[in-house]
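# A closer look at the structure
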Amino acid sequence: MQKIEIKADQFFELLKLKDTSMWEIFAQMIDGNEKEIIFLDGEDKILFNYILPSTKEKMEEDRKEFSKQFADKLANLN
């Protein structure tokens, strides 16, 4: 499995500048092989990782599950 390291701050800043979602970027990276995307902080410590699936359909399932979990966490904060 290919590993891709991404500086989280720079990545999310670029997304804001380009007005693009991370899921759009991930979709462009799909080539039939799984990839481990590792998000690093400014000191190269791992913040989190994501296994990018080999198909856009599976990624869409991941996106929906992520959105649901994120909404649930936000609801629990209120």
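This text follows the structure it describes.
In short, a report on the structure. (Residues numbered from 1 in each chain as written. Predicted model: local features only at pLDDT ≥ 70, side-chain atom pairs only at ≥ 80, totals over all residues. Heavy atoms only, no water.)

### Section: the pattern of salt bridges
This structure, assessed with the given rule, holds 7 salt bridges. For K7, the salt bridge is made with D44, and the minimal N-O distance between the two is 2.2 Å. Of the two residues, K7 is situated in strand β1 (residues 2-7) and D44 in the loop between β2 (35-40) and β3 (46-52); the sequence distance between them amounts to 37 residues. Salt-bridge contacts for K58 lead to D62; the nearest nitrogen and oxygen are separated by 2.9 Å. Note that K58 and D62 are positioned in helix α3 (residues 56-77) at a spacing of 4 residues, about one turn of the helix. We classify D62 as buried; its relative accessible area is 17%. (Salt bridge = Lys/Arg side-chain N within 4 Å of Asp/Glu carboxyl O. Helix = DSSP H or I, 4+ residues; strand = E, 2+ residues; numbered from the N terminus. Buried < 20%, exposed > 50% of the residue type's maximum accessible area, 1.4 Å probe, protein only.)

### Describing a nonpolar patch on the surface
Among the surface-exposed residues, F66, F70 and L74 lie close enough to one another that they form a single nonpolar patch of about 290 Å² accessible area. Along the chain, F70 falls in helix α3. (Patch = residues over 30% accessible without salt bridge, like charges linked within 9 Å, V, L, I, M, F, W, Y side chains within 5 Å. Areas by Shrake-Rupley, 256 points an atom, 1.4 Å probe, with all protein chains shown as cover.)

### Structural notes on the side chain of E36
Tracing the chain through its elements places E36 in strand β2. On the accessibility criterion, E36 (13% relative accessible area) is buried. At 2.7 Å, the side chain of E36 and the side chain of N49 are in polar contact. (Polar contact = N/O pair within 3.5 Å; in protein donor to acceptor, adjacent residues only side chain to side chain.)

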